[in-house]
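This is what each chain is made of:
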Amino acid sequence: MDDTSVYRAFYQNLFHDMDRTFITDFTTKTRVKSFEAKEVVVRQGDEGDCFYIVKAGALNVVLRDSNSEQERVVARIKQHQYFGELALLAPYQPLRQATIVTVVRST
């Protein structure tokens, strides 16, 4: 992932009070992953071990009702948005809170 995409996502959304050095340092630890349309990226209830920034594409946030087991789309994630931070930031709740499914090919 290029530095500009990562910096924009972090600066505008998550770490707006961090300096560019911190964010640039962080980008050296990132890697690019691509997913085909309708591919599950993370599944609700699974253990979380990484954080995603969307470079291109669109993904649906899907919640499963624990009583009825029915699923519904509750949000859409687009370019320069992110997900997966809760599993990393909340050690008391390391499980994925939603399923994320690509709408189109996404990176």
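Look up a bit, the structure's there.
Residues numbered from 1 in each chain as written. Predicted model: local features only at pLDDT ≥ 70, side-chain atom pairs only at ≥ 80, totals over all residues. Heavy atoms only, no water.

> Would you explain the overall build of the chain in this entry?
Summing up its helical and strand segments, the chain has three helices and six strands in all. Counting helices and strands in the order they occur from the N terminus, the chain gives α-α-β-β-β-β-β-α-β. Looking at the chain as a whole, 32% of its 107 residues are labelled buried. At a minimum sequence separation of 6, the contacts of the chain that also span at least 24 residues come to 70%. Per element, the accessible surface of the chain, about 7000 Å² overall, is 48% carbon and sulfur. (Helix = DSSP H or I, 4+ residues; strand = E, 2+ residues; numbered from the N terminus. Buried < 20%, exposed > 50% of the residue type's maximum accessible area, 1.4 Å probe, protein only. Contact = heavy atoms within 4.5 Å. Areas by Shrake-Rupley, 256 points an atom, 1.4 Å probe, with all protein chains shown as cover.)

> I tried to follow the pairing of strand E3 (residues 58-64) on my own but got confused; where do I start?
Consecutive residues of a regular strand have side chains that alternate between opposite faces of the sheet. For E3, a buried count of five out of seven residues is recorded, marking the element as mostly surrounded by other parts of the structure. Where E3 lies against strand E4 (residues 71-78), seven bridges are found, and the strand directions are antiparallel. Residue Val62 lies in a different strand from E4, and its bridge partner there is Val73. The hairpin turn running from E3 into E4, its antiparallel successor, is six residues long, and Glu69 in that turn takes a positive phi close to 65°. Pairing of E3 with strand E6 (residues 99-102) involves four bridges; the strand directions are antiparallel. (Pairing = 2+ DSSP bridges.)

> In this structure, what is going on with the sheet that holds E3? I would like to understand it.
What links the strands of a sheet is backbone hydrogen bonding, and the strands pair in either a parallel or an antiparallel sense. A sheet is described by the order of its strands in space; here four strands give the open sequence E1-E6-E3-E4, paired in antiparallel fashion. At either margin of the open sheet sits one strand with a lone partner, and together these are strand E1 (40-42) and E4. The average angle at which neighbouring strand axes cross in this sheet is 35°, direction not considered. (Axes fitted to C-alpha atoms, helices over the stretch in contact; angles between N-to-C directions.)

> Any chance you could explain the nonpolar core here in plain terms?
Nonpolar side chains in soluble globular proteins tend to end up buried together. Formed by Phe35, Val41, Val42, Tyr52, Val54, Leu59, Val61, Ile77, Phe83, Ala98 and Ile100, the largest nonpolar core amounts to eleven residues. Sorting the residues of this core by element identifies E1 and E3 as the ones contributing at least two each. Setting aside chain neighbours within four positions, we find Tyr52 in contact with Phe35, Val41, Val42, Gln81, Tyr82, Phe83 and Arg96. (Core = buried A, V, L, I, M, F, W, Y, C linked by side-chain atoms within 4.5 Å.)

> Even after reading the chapter, I still don't get the layout of surface pockets, so can you show me in this structure?
Sizing a probe to match a water molecule and rolling it over the atoms shows the empty space that remains. Of the pockets and cavities examined, the second largest pocket occupies roughly 280 Å³. As for the second largest pocket, its lining consists of 18 residues, of which Phe83, Gly84, Leu86, Ala98 and Ile100 are closest to the centre. If you list the elements that add at least two residues to the lining of the second largest pocket, you get E3, E4, strand E5 (82-83) and helix H3 (85-89). Its residues assigned to classes, the lining of the second largest pocket shows twelve nonpolar, three polar and three charged. (1 Å grid on protein atoms, 1.4 Å probe; cavity = no way out; pocket = protein on both sides within 12 Å on 5 of 7 lines; lining within 4 Å. Points joined across faces, edges and corners; volume = space filled by probe spheres on them. Nonpolar A, V, L, I, M, F, W, Y, C, P; charged D, E, K, R; others polar.)

> Explanation requested: the side chain of Arg96 in the structure shown.
By the element assignment, Arg96 lies in the loop between H3 and E6. Side-chain polar atoms of Arg96 contact the backbone oxygen of Gly84, separated by 3.4 Å. (Polar contact = N/O pair within 3.5 Å; in protein donor to acceptor, adjacent residues only side chain to side chain.)

> It is not clear to me how the side chain of Thr102 should be interpreted in this structure. Could you clarify?
Tracing the chain through its elements places Thr102 in strand E6. A polar side-chain atom of Thr102 sits 2.9 Å from the main-chain amide nitrogen of Lys38. Here Glu39 takes part through its backbone nitrogen, which lies 2.8 Å from a polar atom of the side chain of Thr102. Leaving out residues up to four positions away in the same chain, Thr102 has contacts with Phe35, Glu36, Ala37, Lys38, Glu39, Val41, Ala58 and Leu59.

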